[in-house]
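Here is how the chains run, residue by residue.
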Amino acid sequence: MTDDRLAPSAAPTASDAPTANAMRRALRRARDGVALDVDEAAVLLRARGEDLRELCAAAARVRDAGLEAAGRPGTLTYSKKVFIPLTRLCRDRCHYCTFVTVPGRLRAAGHGMYLSPDEVLDIARRGAEMGCKEALFTLGDKPEDRWPEAREWLDAHGYDDTLAYVRAMAVRVLEETGLLPHLNPGVLTWTDFQRLKPVAPSMGMMLETTATRLWSEPGGPHHGSPDKEPAVRLRVLHDAGRSNVPFTTGVLIGIGESVEERADALFEIRRVQRAYHGVQEVIVQNFRAKPDTAMRGMPDAELAELAACVAVARLILGPDARVQAPPNLVDGEYALLIDAGIDDWGGVSPLTPDHVNPERPWPQIDELAARTAESGFTLRERLTVYPEFIARGEPWLDPRLLPHVTALADPATGLADESARPAGLPWQEPDTGFTATGRTDLHRTIDTEGRTADRRDDFDAVYGDWAALAEQAAPGLVPERIDGDARAALRQAADDPTLLTDEQALVLLHADGPALDALCTVADDLRRSVVGDDVTYIVTRNINFTNVCYTGCRFCAFAQRRTDADAYTLSLEQVADRAAQAWDVGAVEVCMQGGIHPDLPGTAYFDLARAVKERVPGMHVHAFSPMEVVNGAARTGMSVRDWLTAAREAGVDSLPGTAAEILDDEVRWVLTKGKLPAATWTEVITTAHELGLRTSSTMMYGHVDQPRHWLGHLRTLAGIQRTAHEKGVQGFTEFVTLPFIHTNAPVYLAGIARPGPSLRDNRAVTAMARLLLHPGIPNIQTSWVKLGTEGAAEMLRSGANDLGGTLMEETISRMAGSRYGSYRSVRDLVAIAEAAGRPARPRTTLYGSVPEERRQAAAASDGHLPQLLPVLTD
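Residues numbered from 1 in each chain as written. Predicted model: local features only at pLDDT ≥ 70, side-chain atom pairs only at ≥ 80, totals over all residues. Heavy atoms only, no water.

Brief notes about the pattern of salt bridges
Going through the model one piece at a time under the given rule, you end up with 61 salt bridges. In this structure, a network of salt bridges that share partners links the residues Arg72, Arg314, Arg322, Asp343 and Glu388. (Salt bridge = Lys/Arg side-chain N within 4 Å of Asp/Glu carboxyl O.)

If you want it as structure tokens, here you go:
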């Protein structure tokens, strides 16, 4: 480094400058490899002159160690790309942006509101001819929400929203040019990631800053821009990680943030990376003032300031991080940024300008290579998705993208094969379909041979960082002390449970001893008055058609990778055979659910329903959780409503309301890495109800939750049912209590969850479900699979009226460690009811009467199933 690049003019003012002692201490910790805190990082962000040289030297050592570990020592990377500005309209009003414009200016220049498909493909084809391998889609956030012209364009061209057009164009680029799309469409929801992941190997969004004041205060650079709220952007980073999307993010420095706020943003990125290991690169970008913007008079971020931020980012994020600085924004000071610890120059285009910084042309790739070599490094081309994620494979790369990525990747390094030229390849659903593979007899052998091991061998990686998760879970695990008048709450429950306050409900959810006994009596009395004494049950068969799943639910011991010893997938014929077997022994329903198998197309669910209906037309198909619905919709590009409509036409009669777990994201994101958020679960369920598809409702409890979470969950279900009735639809059929089975659950094996609910918890949840869901949901179901005969009988005395089904095969709970087998005969279920002092009768899925022919078939076959599986007793 030369002194003139670290000129004194870049130094902080005296009032902001850290003390010499603070700087020495922070530099010593950086040099010694000690983890920095936010305050120390803020001190180092002010380093200049000799201090900056020392800081950069420490950062460079960390970078070099990371490159050595990655197998590419002395190598800096870049991506050869084209820039596709799909639309320059945006609903935000960032005060420094020249990319965004307004409809009038587009018309005046002869442009459409969006690039046409021909314009998109022309850019991509010309890029492919020049050897580019990345198509960077950049666009404004949700322009149709602000501009009627954008809405009109989308409607005229047959797209529901901008993201639907993004998805369609990404597919066209893959199929017609072979370039790999990298999508920068702004703020995305969890559901949006599911829609876009199958069409793009990577995506990105700059965090920019965590300084909320820059968004909330008038005059701030992000004021008036809904998508720039830091909390919203952080949620996007988390959802990308939950969705296993290789993701690019970064910070924008010099827009008015303090060094403490700058450090905080870097620590937030580190927090996300620790949790999901999905941040593939972090960009450190310096603000450059542009004419015709509100911030045109603001000074540019100095290059020494940029170097300090790059170095601090490297130290905070560690050797495994890929840290990038855009080469067209560094005024030729390449060595400065290399010395500071970058290992990537980002995307460089030989064809298209940087539409975000149009006044800053890209350097020529040969020049960039030469300047990189001057610092002792070799420049290598990479793909839009980094080698680490190519090596990981599933679930980070969708199977439909694998041929496109493989065609351009160097198999030895995962970097770009620089001799490869992109060529269009079909983007299509995997053609494997339903082929019987793996341990297809698991439904029988789980009871006789058990599972191969208590955990998968990728246990330490697939679920995220267990230490970070323990920190996240800790607040929810603190026992609550609830002081309240149990007698008054019980009086209100007996008089009119619909008027129970949250405070009273929490008192009762914590009840124990005589108060708990009294609560169960009140609930049981209400049960008697609402549904009578009959205990209902259904002759049904569970068919879990695959356990291959990469969602990463931390409570689930059922999910397997395709290569695991216990993994299996059934063929359509096997599914139909099992349905026919069930019909022969008196079943009125099959319940079908499975893992989120990456090879199964979104239409596979329709094939399953049709296979059952074609073989057994009279069978009620109760199938597909909200998670499966969202997966099917995302893979087909359909809306949830359209997908559910198609599922109904294929033969689906009702939906299980599983995948709910706890409808509180505080708990939910501890329990699961990638399952749908609570709001999305609610959206799927309410849409199903509106279409006339009834659903069950569930709650899994006794893990990292507390009674306050149970209360919120039950209130949410009651509200959904109220809304359904107001719309004139029936909604939920029942509420099913699902006590957490801990034995083989990863979150328990990691020492985070408690070992399931106590008997007290089970009684309180059952009783309070009866009270809090009254009168909307009259049927409360208990689970013999999870509680056994005595436990289920006790719940029947605590407000429950339904025992669920015979099941015939129950693999999910058994894989988790349930001790109560996979099947109960009708006689077994009647015996449970009798143990509770009650009569029993069969029902249909919708709680109707069972036809006499089905009753007789069940009675004739009861206990004599045709070699389906062994029958275990308690």
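Side note on the environment of Pro18
Looking at the element boundaries, Pro18 is found in the segment before helix H1 (20-31). Of the residues examined, Pro18 reaches a relative accessible area of 22% and is grouped as partly exposed. Taking the C-alpha atoms as reference, Pro18 lies 55 Å from Glu152; in sequence the two are 134 residues apart. Once residues within four sequence positions are removed from consideration, Pro18 is found in contact with Met23, Val43 and Arg46. (Helix = DSSP H or I, 4+ residues; strand = E, 2+ residues; numbered from the N terminus. Buried < 20%, exposed > 50% of the residue type's maximum accessible area, 1.4 Å probe, protein only. Contact = heavy atoms within 4.5 Å.)

Some thoughts on the nonpolar core
Formed by 133 residues in total, the largest nonpolar core has its most connected members in Met592 and Trp681. Apart from residues lying up to four places away in sequence, Trp681 is in contact with Pro626, Gly657, Thr658, Ala659, Ala660, Leu663, Leu676, Leu717, Ile720 and Phe732. By size, the runner-up hydrophobic cluster in this structure holds 125 residues, among which are Ala47, Ile269, Leu337 and Leu368. (Core = buried A, V, L, I, M, F, W, Y, C linked by side-chain atoms within 4.5 Å.)

Notes on the pairing of strand S11 (residues 535-538)
Along S11, one buried face is formed by Val535 and Tyr537 and the opposite face, lined by Thr536 and Ile538, is buried too. Bridge count between S11 and strand S21 (residues 840-842): three bridges; the pairing is parallel. For Thr536, the partnering residue across the bridge sits in S21 and is Arg841. When S11 meets strand S20 (residues 802-805), the two strands line up parallel, connected through two bridges. Looking at S20, one finds that Thr536 is bridged to Asp802. (Pairing = 2+ DSSP bridges.)

Some points on unusual backbone geometry
A cis amide bond links Glu394 with the next residue in sequence, Pro395, at an omega value of 0 degrees. Inspection of the secondary structure assignment puts Pro395 in the loop between helix H15 (387-392) and helix H16 (402-408). Put simply, His774 and Pro775 share a cis peptide bond, and its omega is 0 degrees. Turning to its location among the elements, Pro775 is positioned in the loop between helix H31 (759-772) and strand S19 (780-781). Of note in this structure, Glu208 is not a glycine but carries a positive phi near 70 degrees. By secondary structure assignment, the location of Glu208 is in the loop between strand S4 (202-204) and helix H9 (213-216). For Glu208, a relative accessible area of 10% translates into the label buried.

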